[in-house]
Structure formats: structure tokens, C-alpha cells
Amino acid sequence: MEVLAVLGVVIRLALVQRTDFARTLDQRVEVSTPVTSFKRMQEGVFLWRNNINPYEGGVFHQAPLLLALFHVLDDRMIPYLFILLDILVAKMLVEIAKHRALDLKNQTWRPFFPSKEEKEALLAHESAESKTVTKESGVKKSDPTIPTESALVPLFVGVVYLLNPLSIVTCLARSMLVFNTAAVVTGVYFAVKGRQVYSMFFLALASYVSMYPVMFVLPCSMLIAKSLKVKIWPNIIFEQPFSASPVSFLLFATFTIALLGVSNVLMGSWDFLESTYGVILLVPDLQPNTGLWWYIFIEMFDQFRLFFLLVFQVFVVAFVLPLSLKFREHPLFVVAVFGIIIATFKSYPAVGDVAAYIPFVFMYQELFKYMKNLYIITHLGFSTCILLPLFYNLWIYAGSGNANFFYAITLIVGVAQVLLLGDFIGAMVRREWERGEGYAFRGRRIEVMLK
Amino acid sequence: MNFLNWLVLVLGAASATNAAGGAIRVVEDMRGLDRAALAADFLSAGAGSSGGGSGHTNNWAVLVCTSRFWFNYRHIANTLSMYRTVKRLGIPDSNIILMLADDVACNPRNHFPATVYNNAGRYLDLYGSNIEVDYRGYEVTVENFIRVLTGRHEEHVPRSKRLLTDDRSNILIFMTGHGGKEFLKFQDAEEIGSHDIADAIAQMFEKKRYNEIFFMIDTCQAASLYKQIYSPNVLAAASSLTGQSSYSHHHDMEIGTAVIDRWTYSNLETLEKLERQDKNTLANLFKTYDSSVILSDPGIRTDLFPRGIENALVTDFFGGVQTTELTLEMYKTSEKQKVLPADVKVEFDGRLSSAQKDTLLEKPRYKLKVVLPQTYLINVPFVLCFGLLLTGVVVAGSV
């Protein structure tokens, strides 16, 4: 497993040093979007070095602190910075996965007793411990209805991220999504560890770079509450309907304002807000990408534009509260679901967003057996990976296709991700139910018949 | 008086002598003269002509080619030749109304694209790159021609398309195309009659829109078109009399059409020899017409022209001559400037007084801000604030 992780890093290094993929990948619309493109960052840095406001041109839409970072960095060091960030992301994913593995091991299953006698015997035997044991620990299983699950290997999650071709491509193209992913994963890592300040700082950084990670504040505050209180108090507190650390929100707000203030000091004015967050919110640049926004907004009449912008933006953030409430005992799961939602519905998605949520999905491997559509989803994923660049080439370069070809494939991408979302949430719901009240129906197909 | 002003005057006088064809009269003392008498004196002086001057102060030209299509190449060439002549002799583009169908230079049948020649030797490209066609293509209509002459335009018509003459303007009206007895065909779609032309010129007289008109027309039976004019101070010349056709001069084998008409060619042969200061009269021009060469009898109508063709210079109509008078008096252009009368002598000792310096060196109204490219853009406040933020986070996080 370690070999695979190292292989992921070696592939990146080799591709950076030996080949010229970086330049061609930067131009692919599936990888780089107007708000994450490295070419635009270069443009912004050049303009700034020549004492021109980079936000005036309408080309550069990235955060001022990133501008400052790339201003001071040497050109040759930049690809290695991105590889370093990928390594850090993988490391932190491994740590989060370790926490998740522990969590999985500690999950309680309500025991199922076929008859009353067995129940008495089992209760007498297991009065002290309320834990189930799995096959790997060697102790005999007490309840045969509990499914046999292999423990989560934390390093596997890191390998999934490193060897994922989508993340390799994003790293090579030097897309700003790497910063986004790194900040989010770091925020979640510190949340899992219970470090409130650091977690909120990195989440503030993530939402400063692109707006949508603000959705992660709620599950991360729940994670913080969970980890803090589990350490200090037993499960009684955890029974409360909704425990999130309220201080986290305050910290997040403070850090966001501080970052924006620092940017103001750097740029000298508040003009950058319109060019960075205004672009993410109002979507003026309709360059084709793997998302669902560009096609509909290109053909929309101006009088409806604001309405549909509102609808689309609300659609992204509307699931924050309901999902957090429903899965309040599994904040990490909520993080994974929000990752999928963001990657599907955000205004300028790219394959880097997909690469960001896949490790979180793999942390919930026990849900895969409850998912019905995994086969379709994987095959749709593979086919869209091939068809997206193919149809883009056919449309733009060969001229024998049109935008509808490419748009159809983006629709299929959306379908695949929505299927994944539905399946994932459904699997978690089913599993939770089976763990709790549904003990009689574990592992069985359920048919509902109306009489 | 001020040395610089004196210098300007002398140089101006020198250039004016070169540019204008007229004599320069330097009025020494303006205060003693009666203004009205001065004006009358100026206007009657003319361009230093022999005998009675024309009394005009500006020249205009209306050059109309009424034909379109490729086989009427020669009519475009006629008009453009006249255009070139009047421009060469001094009438500016702002005083020329050029009406052409303008469909031969870029015609697909033109072997020499973007050119118009009036000679088989193709010595001179008349189309060039600085001709200004005011009415082109389908804008050349009878209605537009009459509107130009009478000055009755709609509000939106730009100034470049208007004949902005006054009662001191000499106008050259040149028309060429296909004509018949008392009519002229416009663009193969409509025609103008001789009565229309006469009435338009009468309107111009009523509105005092001309001083003198020279009406030239090169069509078949051209003389019939000027027959009905009844306004004073109009001189007319035509390529042929009623009942006669006008002929083209010669073909160009590679262009494939005739390139010039005979009467216009005859006029040009004389006009090309003239310069701006030329003192030749129209009578001399008309004497050069040879019916056996033109193959038609040119018609001249002088009964409406009391001045007489022996007194009218060619440059009265074809050139943009202007009488110039210089004065040594200065105009006041700013509050600080003093008007120096001519009889006050100011010693120039090589140094300017402060008052004179102020008038000469005015401060610029705007400030130039020089922006140097900065290479070090991460400024200190930002570094401080960012450092503060990071330390704050670290400190708060470790608590």
C-alpha cells in the first residue's frame, strides 16, 4: 500500500519533469475553469507586476492572497508546490481515515435475537460490553445478522487520492482547486482532531479561495463538537438533537473578515470582491466546463437571469441544514455528501472537485454494499472521462460536432453524480436503520405490498 | 511692436503670397478707415484681375455623374477629371459636392481594380486614395440634386452633403451622362428636365445662394438643358447643340470601354496647363474648342452673364482663389494680453518681460502623472497584517 502511495507521487514528479502535459492540460476546459486556471493566474501576476490592477481586465478571478503567493514564488518551483500540496492532502486524508476507521470499529449494532432464550443468554454474556466485534479481531461474533465488514485501511484512502488520474491531472495543470482541496481537507482534519481555531482558519481560507466551502462549516463544527465532547464527556451529551460548536461560527466569521481585510490592505481597495466572488455568484464568464450552468445561462434571456442564478445558487446551499440535521451523528458523512453536491452543482466545476470528494466517499466503504447503482456510476464515470474531451475536440477543433455533444456528456456527468448522491445517502439511511430499529430486516430484501 | 507678432505677419504674408493668387494689400492704419467702405473696397478688389472683379469670396463645385454601370466608365472618368482639376486649382473637399454612382473602380469587370483612368496611357489614376464622394450609388437622384442646389435638406443630412454657399460664392456645376432634348437621365431610372434645372437655379438666386454660376454639361444635345435658365449671373457651356450627339474620345483596350469624352478631353487639355495664379479667361478657354476635333459644336450661353467671358478668369470658377488682406492689428485672445495699436513701437531687446512671458508660456491645464512600474508590490502593511493574522491563529490555536 505504501508502494502505491509513493507511486502516485512518482507519477506526478515524472509527468512534471519529463513531459509537457502541464501546458496542454491547462487549456482543457474539463480541468481548468475561469476561476481556477493557472494561465489566468500568470496573467494576473504579470499585470500586477506591471502596476496594473489585475482585476480590471475581466480575465483574472482569483483571490488576492493567491496572487501574492504566486508573485513571490519562483516559476520553476510552482509545479513542485502543487505536488507538495497533493502529498499533504493525502497525508491528512490518511489521518482522517484513521479516525474514521476507529469510528467504524466503535459502531454499535443493536443485537437481534431470534428467540427469547438466546436473548437472555446473550444479554447475560454481554452485559459489560456493548460493543460488537468483527471477524478480524478474532473474538466470536455474537450476532449473525450483523454484516461482516473489513476494517477500513486508512492508507487506502490516501492512495485513492494520489493514484486517481483526475487528481493527477488537476495537479499537473496547476489548477487552484488544489489549494481549495488542501484547505478543505486540512480544515476537516483539524476538526476531526478537535482543534477549533485551526479548523475554522483553514475553512475560512478555503471559502476565501472559492466560496462554496462555506458549506463545510456546519459539519466541521459538528465534528469539533463531537470530538471535543467525546473526549471530555460520555455519550450522554451526544444524544442532544443537534450539537455544533457555536464558537466555530464566530471563529469562521472572524477569520473570513480578517482574510478579506488583509486582501484589502494588499490590493488597496475592495474592487477585488466583484471580480472574485461576484464571478462565482453571478457567473458572467460562460466558458464551457463539466458543469450544468454554462449551457443554460448562455441561452437565457436577461430578464430571467437573476432568478435562475438565485435558484441555482440556492440549490447548492439548500441541503446544508437538512442533511446536517439528518446525519448529525455522522458529520464526516455530511462532509462527503457536501463534497458531492458542490462538485455537481457549483458554478464552475472541474474534475478536481470530483477528485476531492472521492476519498471521502471511500472512507465509507461499508456503505458500498447497500448501494444499488455503483456499477452504473463507475461505468458512467469512465465513459464520461473519455467522451468529454472527445466531444470537446469534435466541437471546437474538428468543427464537426456542436455544443450539444459536449453538453450531453456534462449532463451524463451530472446524472452519474446525482445517482451517486442518492445512492450514497440512501445507503447511509439504510445502514443506520439496520443498525438501530431495523434489526429484523438486516441483509434482507424488503418488498412493500399494498393490500 | 512685438517681435514675434511681426515675424508671424511677415511669414504669413510670404505664405499668403504663395498660396493665394491675389495681391496682398497691407492696410497700415485701420482705425482711420470706415468699415463699410473697407468691405466694399475689399470685395470689389477681386483677385487682382484686370478690370471688374467677380466679387466672390469662396468657390464651390457641384460635380454630378448621372450614369451608372460599367459601360459608362467614361462619365465617371469625366467627373473625376473635373474633380481632380478643381482640387488641384484650390477648391477644398469641403467645398466640393461629388455625386457619382461609384461602381466602376471596384467593379469585377475592372482589369485594374480600385483605379479609374481617363487616358489609354493610364498615366494618372483618378480614383486614388483621397477622393471624397458625397453622394454615391443610389443616392445620386434628381431629388438629391435639386435638394443640394436649393439647400432644402432634411434635418439629418450631414454638412458634408450640403451646398453651404452664400451670396459671395462662385459655383461650378458640372454634369455628365446620357441626355436628350431638354432632359438628362439619372441612373437609368429617372430624368431631370431643363425646366427643373432652371427653376432650381432661380431658387438659388432668390435665396442668394450664389454670386455666379458656371454650368458645364457634357451629354448628347447638351445645349437644350441650359436653354431654360433665367436667373442672372449664370454662364453655361455645353458639349453639343440641340440635335447633335456628343462623342467619346478613345477606348482603352484593356479596360474595354471608352475612357473619356471628347468635349471634356478638350477642356482638360487646356485646364491641365493652368496653375493657380493663372490669368487666363474663360474666353480663352472657349477659343480652344475645335468642332472638328470634338465632333460636335459646343454651346456657350452668355446672355445671363453681364460681366462678360473676357473678364471672367478660369480660376474664378475652377480655382479656390481667395483675396487676402493683412492687418498689423492684433486680436485680444486672453485677458492678460494687451492690444497693441499699430503706431506704438515696442523695443525688442531680446528679453521678454514677465507679462509677455505669462502670455506666451501658459501653464498646462492638466498634470501629467508619471507612473513607474513597481517591482516590489507586496507592501509593508500587507506583510504586517498577514503576519499578525497568522500569529493570531497560531496563538489562538495553541490555547
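The numbering scheme is per chain: residues are counted from 1 as the chain's sequence reads. Ligands are numbered from 1 and chains lettered from A, in the order in which they are written. Given that this is a predicted model, residues contribute local features only at a pLDDT of at least 70 and side-chain atom pairs are listed and counted only at 80 or more, while totals for whole chains, interfaces and linings are drawn from all residues. Water and hydrogen atoms were dropped before computing side-chain values, which therefore reflect all heavy atoms in the structure.

Looking up chain B in an unreviewed UniProt entry gives the name GPI-anchor transamidase, with the organism given as Chytriomyces confervae. UniProt positions are given in the numbering used here, feature names are shortened, and annotations may be inferred rather than shown by experiment. Looking at chain B in UniProt, the text filed under Pathway (unreviewed entry) is "Glycolipid biosynthesis; glycosylphosphatidylinositol-anchor biosynthesis."

Within an unreviewed UniProt entry, the label attached to chain A reads Phosphatidylinositol glycan, class U, and the organism entered is Chytriomyces confervae. Listed under Subcellular location (unreviewed entry) in UniProt, the entry text for chain A is "Endoplasmic reticulum membrane". Comment text from UniProt for chain A, heading Sequence similarities (unreviewed entry), reads "Belongs to the PIGU family."

Caption draft 1: Fine view of the overall build of chain B. Helix and strand definitions here come from DSSP, where helices need a minimum of 4 consecutive H or I residues and strands a minimum of 2 consecutive E residues; each element is numbered from the N-terminal end. Within chain B one finds eleven helices and 14 strands. Using a 1.4 Å probe on the protein chains alone, a residue whose accessible area is under 20% of its type maximum counts as buried, one over 50% counts as exposed, and one in between counts as partly exposed. Expressed as a percentage of its 399 residues, the buried residues of chain B come to 45%. Contacts were defined at the residue level, with two residues in contact if any of their heavy atoms lie within 4.5 Å. Looking at chain B alone, contacts between residues at least 24 apart form 73% of all its contacts between residues at least 6 apart. Carbon together with sulfur atoms contributes 55% to the accessible area of chain B, which is approximately 20800 Å² in total. For the area figures, the Shrake-Rupley method with a 1.4 Å probe applies, and any residue is considered shielded solely by the protein chains shown.

Caption draft 2: Seen up close, the overall build of chain A. In terms of helices and strands, chain A carries 20 helices and zero strands. Expressed as a percentage of its 451 residues, the buried residues of chain A come to 52%. Counting every atom, chain A has about 21600 Å² of accessible surface; 66% of that belongs to carbon and sulfur.

Caption draft 3: Region of interest: the UniProt feature "transmembrane region" (unreviewed entry) in chain A. All names here are of chain A. Those places that UniProt annotates as "transmembrane region" (unreviewed entry) correspond, in this numbering, to residues 171-192, 198-225, 246-270, 304-325, 331-362, 374-398 and 404-425. Within residues 198-225, the helical portion is 75% and the strand portion 0%, while the C-alpha atoms at the span's ends are 14 Å from each other. The distance separating the terminal C-alpha atoms of residues 331-362 is 15 Å; by composition the span is 84% helix and 0% strand.

Caption draft 4: Summary view of the interface of chain B and chain A. Chain B puts 19 residues into the contact, and the matching count from chain A is 17 residues. Buried area counts how much accessible surface, traced with a 1.4 Å probe, disappears from two parts once they are put together, with both parts' losses summed. Approximately 1500 Å² of surface area, both sides summed, lies buried where chain B meets chain A, with 75% of it carried by carbon and sulfur atoms. The largest share of the area that chain B buries against chain A comes from B:Leu377, B:Phe382 and B:Val393, three residues that together contribute 35% of it. Here, a salt bridge means any Lys or Arg side-chain nitrogen found within 4 Å of an Asp or Glu carboxyl oxygen. Across the contact surface, chain B and chain A share zero salt bridges. Within 3.5 Å is the distance limit for a polar contact, defined as a pair of N or O atoms, with the added protein rule that one can donate a hydrogen and the other accept it, and that residues adjacent in sequence qualify only through two side-chain atoms. Where chain B touches chain A, the interface holds two residue pairs in polar contact (both at pLDDT 80 or more). In this count, Pro and Cys sit with the nonpolar residues alongside Ala, Val, Leu, Ile, Met, Phe, Trp and Tyr, while Asp, Glu, Lys and Arg are called charged and the others, Gly among them, polar. The class makeup of the residues in the side of chain B that touches chain A is 14 nonpolar, five polar and no charged.

Caption draft 5: Seen up close, helix H19 (residues 374-398) of chain A. Residues and elements named next belong to chain A. Expected helix span is given by 1.5 Å per residue-to-residue step, counting one fewer step than there are residues. In a regular helix each residue adds 1.5 Å, so 25 residues correspond to 36 Å; H19 covers 34 Å between its end C-alpha atoms and thus fits that length. We define the bend at any residue as the angle between the axes fitted to the seven residues before and including it, ending there, and the seven starting there. A bend of about 25° at Thr384 is the largest found in H19. Inspection of H19 places Ile377, Leu380, Thr384, Leu388, Phe391 and Tyr392 among the buried residues, and these make up the whole buried set. Buried-residue contacts for H19 involve helix H20 (403-435). Backbone geometry just after H19 places Gly399 at a positive phi near 75°.

Caption draft 6: Structural context of the packing of aromatic side chains. By convention, a stacked pair of Phe, Tyr or Trp rings (six-membered ring in the case of Trp) has centres within 6.5 Å and planes under 30 degrees apart, an edge-to-face pair has planes over 60 apart, and any other such pair is tilted. With the rule as written, the count across this model stands at 46 aromatic pairs over all chains. For the ring pair A:Trp294 and A:Tyr407, a centre distance of 6.2 Å and an interplane angle of 85° mean the geometry is edge-to-face. A residue pair is termed long-range when its members are at least 10 positions apart, and A:Trp294 in helix H14 (residues 293-298) and A:Tyr407 in helix H20 qualify at 113 residues. Summarising the burial analysis for this pair, A:Trp294 and A:Tyr407 share the class buried. Taken together, a centroid distance of 6.3 Å and an interplanar angle of 50° make the contact between B:Phe305 and B:Phe317 tilted. Taken together, the residues B:Phe305 in the loop between strand S13 (299-301) and helix H9 (314-318) and B:Phe317 in helix H9 connect sequence positions twelve residues apart. The same class applies to B:Phe305 and to B:Phe317, which are both buried. Of the aromatic side chains, those joined through ring pairs into one cluster are A:Trp294, A:Tyr295, A:Tyr392, A:Trp395, A:Tyr397, A:Phe406 and A:Tyr407. Criterion for a charge above a ring: Arg CZ or Lys NZ at most 6 Å from the ring centre, at most 35 degrees from the ring normal. Directly above the aromatic system of B:Tyr135 lies the positively charged group of B:Lys161, at a separation of 5.3 Å from the ring centroid.

Caption draft 7: Representation of the side chain of B:Thr150 in the model. On the secondary structure map, B:Thr150 appears in helix H4 (residues 142-150). Setting aside residues no more than four positions away along its own chain, B:Thr150 makes contact with B:Ala200, B:Gln203, B:Lys207 and B:Arg209.

Caption draft 8: Quick look at the packing of helix H9 (residues 177-193) of chain A against helix H18 (residues 351-362) of chain A. All names here are of chain A. Only the stretch in contact is used when a helix axis is fitted, and all axes are lines through C-alpha atoms; the angle between N-to-C directions ranges over 0 to 180 degrees. Two elements in contact, H9 and H18, have axes separated by 9 Å at closest approach and are oriented at 25°. Looking at the two axes, H9 sits roughly parallel to H18. The way H9 lies across H18 gives a crossing that is right-handed. Seen from H9, the contacting residues are Leu177, Thr181, Val185 and Val188; seen from H18, they are Gly352, Asp353, Ala356 and Phe360. Oblique is the label for any angle not covered by the other classes, which are roughly parallel (under 35 degrees), roughly antiparallel (over 145) and roughly perpendicular (65 to 115). By definition, turning the near helix anticlockwise from the far helix through less than a right angle yields a left-handed crossing, and turning it clockwise yields a right-handed one.

Caption draft 9: Focus on the sheet that holds strand S6 (residues 178-180) of chain B. Residues and elements named next belong to chain B. Spatially, S6-S7-S8 is the arrangement adopted by the three strands of the open sheet, whose pairing is antiparallel. Looking at strand neighbours, the two that pair on one side only are S6 and strand S8 (190-193), the edges of this open sheet. When strand polarity is set aside, the average angle formed by the axes of neighbouring strands in this sheet is 30°. Two strands are counted as paired when DSSP detects at least two bridges linking them. For S6 and strand S7 (residues 183-186), the ladder comprises three bridges, and the chain directions are antiparallel. Across the sheet, the residue bridging to His178 is Lys185, located in S7. In this fold H4 packs onto S7 and S8, with an angle of close to 35° to the strand it touches most, S8.

Caption draft 10: Structural view of the UniProt feature "signal peptide" (unreviewed entry) in chain A. According to UniProt, the feature "signal peptide" (unreviewed entry) maps to residues 1-16 of chain A in the numbering used here. For the annotated span residues 1-16 of chain A, helix accounts for 94% and strand for 0% of the residues, and the straight-line distance between the end C-alpha atoms is 23 Å.

Caption draft 11: View of the side chain of B:Asp103. Residue and element names in this part refer to chain B. Looking at where Asp103 falls in the secondary structure, it is placed in the loop between strand S3 (96-100) and strand S4 (135-136). A positive count includes Lys and Arg, and a negative count includes Asp and Glu. His and the chain ends are not counted in either. Buried charge without a partner: Asp103 forms no salt bridge, and the closest opposite charge is Arg68, 4.1 Å away. At 3.0 Å, the side chain of Asp103 forms a polar contact with the backbone nitrogen of Phe69. Ignoring anything within four residues of it in the chain, the contact list for Asp103 reads Arg68 and Phe69.

Caption draft 12: Molecular detail of the environment of B:Asn78. Residue and element names in this part refer to chain B. Structurally, the position occupied by Asn78 is in helix H3 (residues 73-88). Residues Asn78 and Trp263, 185 residues apart in the sequence, show an inter-C-alpha distance of 9.6 Å. Among the polar contacts listed, one links the side chain of Asn78 to the side chain of Thr176, at a separation of 3.2 Å.

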